[in-house]
Amino acid sequence: MIPASFEYFAPGSVKEAIEMLSTYRDDVKLLAGGQSLVPLMKLRLAKPTYVIDLSRIADLNYIRPEDDTIRIGALATHAQVEQSELLKRDCPLLSQTAATIGDVQVRNQGTIGGSLAHADPAGDLPAAILAVEAEMKASGPSGERWIKAEDFFVGFLTSCLQPDEILTEIKVPASRGSKTAYLKAAQRASGFAVVGVAVRLELGKDGLCEEIAIGVTGVADKAYRATSVEKILKGSSLEAALVQRAAAEATRGVDPLEDINGSKDYRSHLARVYTVRAIQAAMAS
Ligand SMILES: Cc1cc2nc3c(=O)[nH]c(=O)nc-3n(C[C@H](O)[C@H](O)[C@H](O)COP(=O)(O)OP(=O)(O)OC[C@H]3O[C@@H](n4cnc5c(N)ncnc54)[C@H](O)[C@@H]3O)c2cc1C
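Computed from a prediction, not measured in an experiment: that's the story for all the values here.

Before going further, it helps to spend a moment on the pattern of salt bridges. On inspection of all chains with the given rule, the structure shows 20 salt bridges. Among the salt bridges present, the one from E82 reaches R107, with a minimum N-O distance of 3.2 Å. One end of the pair, E82, is in helix α3 (residues 78-83); the other, R107, is in helix α6 (residues 104-109), with 25 residues separating them in the sequence. A relative accessible area of 13% means that R107 is categorised as buried. With a closest N to O distance of 4.0 Å, E169 and K137 form a salt bridge. With E169 in strand β10 (residues 166-173) and K137 in strand β6 (residues 135-140), the pair connects residues that are 32 residues apart, well separated along the chain.

Structure (structure tokens):
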């Protein structure tokens, strides 16, 4: 289908984009890679009168180190995140996760900022962003603010960004000692996660689990941290029977989705199974 007609703007700076967003805030959409927005517009599920294309803002496309963090511009594509040597070395979970998104075309066009702002409950990157404890920078008319990953996703296709804010940067801690894995049961046609589990863990010299963070996507209306699982495993030897027992808590406090891709029970089952597998894969990494 063909989208409804709209007025197109291509600002050259974040400042200009924010001004446009503030001016047209009631009937405007930001466009990044277009991999989620354009299909919605073609189906006429989104019919914005104004579209602000961010893709000409060169300042928003980078992946660079800063102190003990890595800064990722919102326009960095999934392919750039997948292939970044810096991320592969210092925050491998993001590269591992980006590599599983859709197909080559989607990864070449889709951006990390678009994926996070879109807050698709079946999106892959939200799980990894939670597990690496990233922070997101929102830029708006009254300045910039940092938002913790755990506060960023609010509900179905909803982040905590205000209508006049742009997600401009993602900040992740650089952690060379981490063991990480992202595994998903993928929807066969699109690759989206029916259930996806991202794990980051650190083992002490005694072999015990000093740190563990688990992000889960696909299960609920938003990605979440499996804190009940983390609590059981932190400080343990991650021995197989305990991991199995802990993984049964992967949907604790969560109301699983039910749709054409799976029932509540199926998703809960997958969440348990993929939590075990992702922890095992992280330990073996
Ligand atoms: C065939 C296909 C398969 C796919 N498979 C997967 C998959 O397996 N896993 C997965 O996770 N995703 C998948 N996707 C979605 C893909 O990852 C998208 O790239 C991503 O969801 C959106 O990023 P984008 O840059 O294309 O954003 P756009 O589509 O341009 O924008 C998406 C939304 O975010 C808003 N937005 C964009 N950038 C910003 C910003 N910087 N600040 C504030 N708001 C912003 C837009 O206004 C819009 O509402 C698939 C898409 C397609 C078409």
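To continue, consider the pairing of strand β12 (residues 193-203). β12 sits mainly inside the fold: 9 of its 11 residues count as buried. Of the strand pairs in this sheet, strand β11 (residues 179-186) and β12 are connected by 8 bridges, and their pairing is antiparallel. Paired with L183 across the two strands is V197, which belongs to β12. Note: β12 against strand β13 (residues 209-217), 8 bridges, orientation antiparallel. Its bridge partner being in β13, A198 is matched across the sheet by G215. Following β12, the chain reverses through 5 residues before pairing antiparallel with β13; G207 in that reversal takes a positive phi of roughly 85 degrees.

Tallying each qualifying case throughout the model produces 4 aromatic pairs. For the pair F9 and Y24, a centre-to-centre distance of 5.3 Å together with 15 degrees between the ring planes defines the contact as stacked. Placement of the pair is F9 in strand β1 (residues 7-9) and Y24 in the loop between α1 (14-23) and β2 (28-31), with a sequence separation of 15 residues. A residue is classified by how much of its surface remains accessible, and F9, at 16% relative accessible area, is buried. By relative accessible area, which is 24% here, Y24 ends up partly exposed. Here the aromatic rings of F9 and Y50 are separated by 6.2 Å at their centres, their planes lie at 25 degrees, and the arrangement is stacked. Here F9 is found in strand β1, whereas its partner Y50 is found in strand β3 (residues 50-53), with 41 residues between them in sequence. Across the ring face of Y274, the terminal group of R277 is positioned such that the distance to the ring centre comes to 5.1 Å.

Surrounding the ligand, one finds 30 residues, the nearest of these being L30, Q35, L37, T111 and D124. Contacts to the ligand include Q35, whose backbone N or O atom sits 2.7 Å from an oxygen atom. Isolated, the ligand exposes 970 Å² of accessible area, and the fraction of that covered by the protein chains is 90%. Of all the elements in the fold, those that place two or more residues in the shell around the ligand are β2, α7 (112-118) and β10. By residue number, the principal contributor to the shell around the ligand is α7, which donates 4 residues. Per-class residue counts for the shell around the ligand are 13 nonpolar, 14 polar and 3 charged.

Bringing α1 into the picture now. What α1 keeps buried is the set V14, A17, I18, M20 and L21. Seen end-on, α1 carries its buried residues on one side only, within an arc spanning 165 degrees. Exposed positions of α1 whose direction lies more than 90 degrees from the buried face are K15 and T23. For α1, the secondary structure elements touched by its buried residues are β1, β2, β3, β6 and β10.

The rules behind each value
- Residues numbered from 1 in each chain as written.
- Predicted model: local features only at pLDDT ≥ 70, side-chain atom pairs only at ≥ 80, totals over all residues.
- Heavy atoms only, no water.
- Salt bridge = Lys/Arg side-chain N within 4 Å of Asp/Glu carboxyl O.
- Helix = DSSP H or I, 4+ residues; strand = E, 2+ residues; numbered from the N terminus.
- Buried < 20%, exposed > 50% of the residue type's maximum accessible area, 1.4 Å probe, protein only.
- Pairing = 2+ DSSP bridges.
- Phe/Tyr/Trp six-rings, centres within 6.5 Å; stacked < 30°, edge-to-face > 60°.
- Lys NZ or Arg CZ within 6 Å of the ring centre and 35° of its normal.
- Near = heavy atom within 4 Å.
- Polar contact = N/O pair within 3.5 Å; in protein donor to acceptor, adjacent residues only side chain to side chain.
- Areas by Shrake-Rupley, 256 points an atom, 1.4 Å probe, with all protein chains shown as cover.
- Nonpolar A, V, L, I, M, F, W, Y, C, P; charged D, E, K, R; others polar.
- Arc of directions from axis to C-beta.
- Contact = heavy atoms within 4.5 Å.

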